[in-house]
Amino acid sequence: MKLQTLLSYLHDFTAYAGENPDISSIEMDSRQVKKGALFICIKGFTVDGHDFARQAVENGAAAIIAERPLDVDVPVVVVRDSRRAMAVLADAFYGQPTHKLHLIGVTGTNGKTTTTHIIEHIARKAGKKTGLIGTVNVKIGDHAYPTQNTTPESLLLQRMFKQMVDEGVEIAAMEVSSHALHMGRVHGCDYDVAVFTNLTQDHLDYHGTMDEYRNAKGLLFAQLGNRYDHKRPKFAILNNDDPASQYYKHMTAATVITYGIETDSDIMAKQIEIAPNGMAFDLVTPYGTVRVRTKLIGLFNVYNLLAAASACLVSGFPLPVIVEAIEDISGVAGRFETVDEGQNFTVIVDYAHTPDSLENVLRTIRQFAKKNVYVVVGCGGDRDRTKRPLMAQTAVKYADVAIFTSDNPRSEPPEQILRDMEAGVPGARYVTMVDRKEAIRYAIGQAEEGDIILIAGKGHETYQIIGDRIMDFDDRAVAREVIKERRGIC
Ligand SMILES: CC(=O)N[C@H]1[C@@H](OP(=O)(O)OP(=O)(O)OC[C@H]2O[C@@H](n3ccc(=O)[nH]c3=O)[C@H](O)[C@@H]2O)O[C@H](CO)[C@@H](O)[C@@H]1O[C@H](C)C(=O)N[C@@H](C)C(=O)N[C@H](CCC(=O)O)C(=O)O
Ligand SMILES: Nc1ncnc2c1ncn2[C@@H]1O[C@H](COP(=O)(O)OP(=O)(O)OP(=O)(O)O)[C@@H](O)[C@H]1O
């Protein structure tokens, strides 16, 4: 594709003098540049991509997109925001793949991974080839690929969408993080359906205030229905029980469909029964009411099921297929996942790492707990510090034994993070152990028959970031090892 053809998709850039080279690829990393590439200079959080423009040219870049003029021997096109420009250029370069997919975006503080997995499961039941993008992995059909971000950078994202289209994917569900919306990673995406799960405190290290965080999420609904193909119906699926939905209703030009449990909504769950091994509820929809049973547990999962069912109904899937899928879906990796080595107490690993999600999971556990509840919990370093005392408060409020420990301390001293947690619970009883394995060993060592241990925060993650080292650490594997150790098998 010629550079000028690509630039015709951008609204705002300075004209440049010189050639109109053929662009063979687009890269944001100078080390990946090959002959004929368009190199996009991104100002990162650690380094500035503009500093690598020369290296990119040496590696064969045919042109550069930058936020300032650069002294190199290839055309330099100056844009105001190269990250946003990259989203538009990547979309154009890969043939606007999201126009060819039925794309469902899910945003919200909690429940994105679970909701996208349920949507994927329903779509598969309906006989569709599916794509999935999110925290756990990227899936194209049956193939899973590892991923670094919940919502990858636009270049990677559009490449994956192109691969999905090439491989015959018809419907893709993706998690859309507030960071991605704010940074413009999804700027080029053409959503058919956008889903909101909920808004509670998280990521204030990045967004600063809850209003900013809420507005960042709102960008998904603001972009829906205002872009590209106006002939296709667009739907905003909003959780009517969450006050933030009122804002999003006013921000979107799409058709709004609401779901809820407490507030009168288009799609509702009624007569909810929650048991230790599953739930049942009346799924009330404009197409009729059906009593559904599911293996998922917790009121929060009723919301996730409602969100997914609503997205799938507006996507044209028949209600019986949706019900069948809900009835046979099992859990998502690291979300309320039990570790069963035949021990006489229960061990649950859950990704809960916000005060709200921790509260939801602990409240669910409390509903069934006949004996003691233990929680092993920490807070991430270099992330929202205001969460730390709140997480500690939630832990001591709902658990009989709270054990505070490390959870990806990153560049911060883990002891400092623990002190921040402890500051939220003066006078309360808790145990502090920097070493996460020791903390898990302590809980498992103390547990008696019928007790429940929640190991919170890391879920599916298989690493622990300490300083600049990424070490292998999987709560599930550690719990298994320690249970066997306790039995004296190891
Ligand atoms: C803070 C943040 O968002 N950082 C993201 C950012 O990294 P960065 O800014 O540090 O990048 P950088 O290393 O400074 O590099 C800047 C530029 O120079 C280029 N470069 C660099 C070196 C070189 O030799 N040559 C070169 O060209 C790089 O390719 C890049 O284009 O760009 C990277 C590539 O896209 C992202 O993976 C990375 O996400 C990190 C891992 C991250 O933790 N992000 C979090 C905050 C995030 O985005 N989280 C959300 C939601 C999470 C949730 O809901 O829980 C998410 O969507 O993941
Ligand atoms: N709808 C919900 N409301 C509140 N808490 C939830 C909800 N769904 C899941 N949770 C809790 O939050 C944890 C994370 O769930 P999930 O991975 O689906 O959310 P997420 O939005 O993808 O999270 P993240 O943005 O951190 O990747 C779960 O392990 C559970 O404890």
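Just so you know, these numbers come straight off a predicted model, no measurement behind them.

Caption draft 1: Region of interest: helix 15 (residues 436-446). Inspection of helix 15 places Arg436, Ala439, Ile440, Ala443 and Ile444 among the buried residues, and these make up the whole buried set. One side of helix 15 carries all its buried residues, which in axial view fall inside an arc of 130°. Along its buried surface, helix 15 packs onto strand 18 (373-377), strand 19 (401-404), strand 21 (452-456), strand 22 (463-466) and helix 16 (475-487). The N-terminus of helix 15 is capped by Asp435, whose side-chain oxygen sits 2.8 Å from the backbone nitrogen of Lys437.

Caption draft 2: Region of interest: the pairing of strand 21. In terms of burial, strand 21 is a largely internal element, 5 of the 5 residues being buried. Neither face of strand 21 is open: one carries Ile452, Leu454 and Ala456, the other Ile453 and Ile455, and all of them are buried. Here strand 17 (residues 346-350) pairs with strand 21 via 5 bridges, running parallel. Across the sheet, Asp350 pairs through a bridge with Ala456, a residue of strand 21. Examined bridge by bridge, strand 18 and strand 21 share 4 bridges and lie parallel to one another. Bridge pairing links Val375 to Leu454 in strand 21.

Caption draft 3: Molecular detail of the site of ligand 2. Lining the immediate surroundings of ligand 2 are 20 residues, of which Lys112, Thr113, Thr114, Arg335 and Asp350 lie closest. One of the side-chain N or O atoms of Thr114 is found 2.6 Å from an oxygen atom in ligand 2. At 2.5 Å from an oxygen atom of ligand 2 is found a side-chain nitrogen or oxygen belonging to Asp350. When the free accessible area of ligand 2 is taken as 620 Å², the share hidden by the protein chains comes to 96%. Of all the secondary-structure elements, those providing two or more residues to the shell around ligand 2 are helix 4 (112-125), helix 10 (299-314) and helix 12 (355-368). Classifying every residue of the shell around ligand 2 gives 4 nonpolar, 11 polar and 5 charged. Each of domain 2 (97-328) and domain 3 (337-487) contributes no fewer than three residues to the shell around ligand 2.

Caption draft 4: Geometry of helix 11 (residues 319-328). Within helix 11, the full set of buried residues consists of Leu319, Val321, Ile322, Val323, Ala325 and Ile326. Each element contacted by the buried residues of helix 11 is listed here: helix 4, strand 14 (278-285), strand 15 (288-294) and helix 10.

Caption draft 5: Fine view of the site of ligand 1. What surrounds ligand 1 is a group of 25 residues, the closest being Phe45, Thr46, Val47, Asn149 and Ser177. Contact distances for ligand 1 include 2.7 Å between an oxygen atom and a side-chain N or O atom of Ser177. With the chains in place, 78% of the 1100 Å² that ligand 1 exposes on its own is no longer accessible. The class makeup of the residues in the shell around ligand 1 is 7 nonpolar, 11 polar and 7 charged. Counting contributing residues per domain, the shell around ligand 1 is built from domain 1 (3-94) and domain 2 (97-328), each supplying no fewer than three.

Caption draft 6: Structural context of unusual backbone geometry. The backbone phi angle of Gln271 is positive, close to 50°, even though this residue is not glycine. With respect to the helices, strands and loops of the structure, Gln271 is situated in strand 13 (residues 267-275). On the basis of relative accessible area, Gln271 is assigned to the exposed category, the value being 58%. Positive phi outside glycine occurs at Phe336, with the angle close to 55°. Mapped onto the elements of the fold, Phe336 is located in the loop between helix 11 and strand 16 (337-338).

Rules used throughout
Residues numbered from 1 in each chain as written. Chains lettered and ligands numbered in written order. Predicted model: local features only at pLDDT ≥ 70, side-chain atom pairs only at ≥ 80, totals over all residues. Heavy atoms only, no water. Buried < 20%, exposed > 50% of the residue type's maximum accessible area, 1.4 Å probe, protein only. Helix = DSSP H or I, 4+ residues; strand = E, 2+ residues; numbered from the N terminus. Arc of directions from axis to C-beta. Contact = heavy atoms within 4.5 Å. Polar contact = N/O pair within 3.5 Å; in protein donor to acceptor, adjacent residues only side chain to side chain. Pairing = 2+ DSSP bridges. Near = heavy atom within 4 Å. Areas by Shrake-Rupley, 256 points an atom, 1.4 Å probe, with all protein chains shown as cover. Nonpolar A, V, L, I, M, F, W, Y, C, P; charged D, E, K, R; others polar. Domains from an automatic or database assignment.

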